[in-house]
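Report on the structure
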Amino acid sequence: MAILKIVEYPDPFLTLKAKPVEVIDDEILELIKDMADTMFDAPGVGLAAPQVRSDKRIIVYNPTARSSKNRDCENGETQEQDSSENESKNDYRAIINPEIIAASGSLISENEACLSVPDYSADVKRFSKVTVKGLNPEGKKIQFDADDIQAVILQHEIDHLNGVLYIDRISLLKRNIYKKRVTKKAKES
Ligand code: NI
């Protein structure tokens, strides 16, 4: 078990586009495990490889996160268990080279947050339903639909692989308020 250090805004690494995984070797499988450990330790409901300074297109997330009240993407606290799919609280799903191949509907993801954007949250407009394809850690092709908070988590994490943070999807005014706060904090320390 290894807890990795989470890269925080405004680190430029978070703006880079991650690269597709060509071979799923032991190094990749270890990275996935460490990402899951890091996500549960945080605690969060999703994590993308660039957040732990890896340029690989990999995401991990909690497929049982079902909060309707608190949609915090990575800081969800109230999570109901979907026992039909997952027994353990620390179950996670990893997707290698994930891609959104269809998206529809819209919702407001309330108080979306990110482990790489500390002490902030904002409402973000997201698709309410997505179809995602990619590879599982065994290298098998997977494709599935997700809606509501699960769709939000997937959009948020896949955005990370493209160098996009949720604060890139809020108004310039709100983003500048957060930027100013970060700059002020950096000056103080
Ligand atoms: Ni995030």
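Scroll up a little and you will see the structure.
Here's what I pulled together on the structure shown here. Predicted model only: the values in this text are computed from it and were never measured. (Residues numbered from 1 in each chain as written. Predicted model: local features only at pLDDT ≥ 70, side-chain atom pairs only at ≥ 80, totals over all residues. Heavy atoms only, no water.)

1. Notes on the packing of aromatic side chains
- Inspection of the entire model under this criterion finds two aromatic pairs.
- Here the aromatic rings of tyrosine 9 and tyrosine 178 are separated by 5.6 Å at their centres, their planes lie at 45°, and the arrangement is tilted. With tyrosine 9 in the segment before helix H1 (26-41) and tyrosine 178 in helix H3 (residues 172-188), this pair connects stretches of sequence that are 169 residues apart.
- What makes tyrosine 178 buried here is its relative accessible area of 2%.
- Seen from their ring centres, tyrosine 120 and tyrosine 178 are 4.7 Å apart, and the 35° between their planes marks the pair as tilted. In this pair, tyrosine 120 sits in strand S5 (residues 117-126) while tyrosine 178 sits in helix H3, placing the two residues 58 residues apart along the sequence. Considered together, tyrosine 120 and tyrosine 178 belong to a single accessibility category, that of buried residues. (Phe/Tyr/Trp six-rings, centres within 6.5 Å; stacked < 30°, edge-to-face > 60°. Helix = DSSP H or I, 4+ residues; strand = E, 2+ residues; numbered from the N terminus. Buried < 20%, exposed > 50% of the residue type's maximum accessible area, 1.4 Å probe, protein only.)

2. Considerations on H1
- Taking 1.5 Å per residue as the helical rise, H1 with its 16 residues ought to reach 22 Å, and the 22 Å between its terminal C-alpha atoms agrees with that figure.
- When we look at burial in H1, the residues that qualify are Ile28, Leu31, Ile32, Asp34, Met35, Ala36, Asp37, Thr38, Met39 and Phe40.
- Contact partners of the buried residues in H1: strand S1 (46-48), strand S2 (58-61) and strand S3 (93-104). (Expected span 1.5 Å × (residues − 1). Contact = heavy atoms within 4.5 Å.)

3. Considerations on the pairing of strand S6 (residues 129-135)
- Pairing geometry for S3 and S6, over six bridges, is antiparallel. Pairing of isoleucine 96 across the sheet is with leucine 135, part of S6.
- Relative to strand S7 (residues 141-147), S6 runs antiparallel, the two being bridged by seven bridges. Counterpart to leucine 135 in the pairing with S7 is lysine 141.
- Taking the residues between adjacent antiparallel strands as the criterion, S6 and S7 are bridged by five residues, where glycine 139 takes a positive phi near 85°. (Pairing = 2+ DSSP bridges.)

4. Quick word on the sheet that holds S1
- One open sheet holds the five strands; their spatial order is S1-S2-S3-S6-S7, and the pairing between them is antiparallel. Edge strands, defined here as strands with exactly one partner in the open sheet, are S1 and S7. Strand after strand, the sheet turns through a mean of 40° between neighbouring axes, direction not considered. (Axes fitted to C-alpha atoms, helices over the stretch in contact; angles between N-to-C directions.)

5. Details of the nonpolar core
- Counting residues in hydrophobic clusters, the biggest one holds 17 residues, and the most contacted among them are Ile59, Tyr61, Ile95, Val132, Phe144 and Leu154.
- Elements with a minimum of two residues in this core: S2, S6, S7 and helix H2 (148-161).
- Per element, the largest residue contribution to this core is six residues, and it comes from H2.
- Listed in part, the 16 residues of the second largest apolar core include Ile6, Val21, Met35 and Val52. (Core = buried A, V, L, I, M, F, W, Y, C linked by side-chain atoms within 4.5 Å.)

Nothing here speaks to function; it is all geometry.
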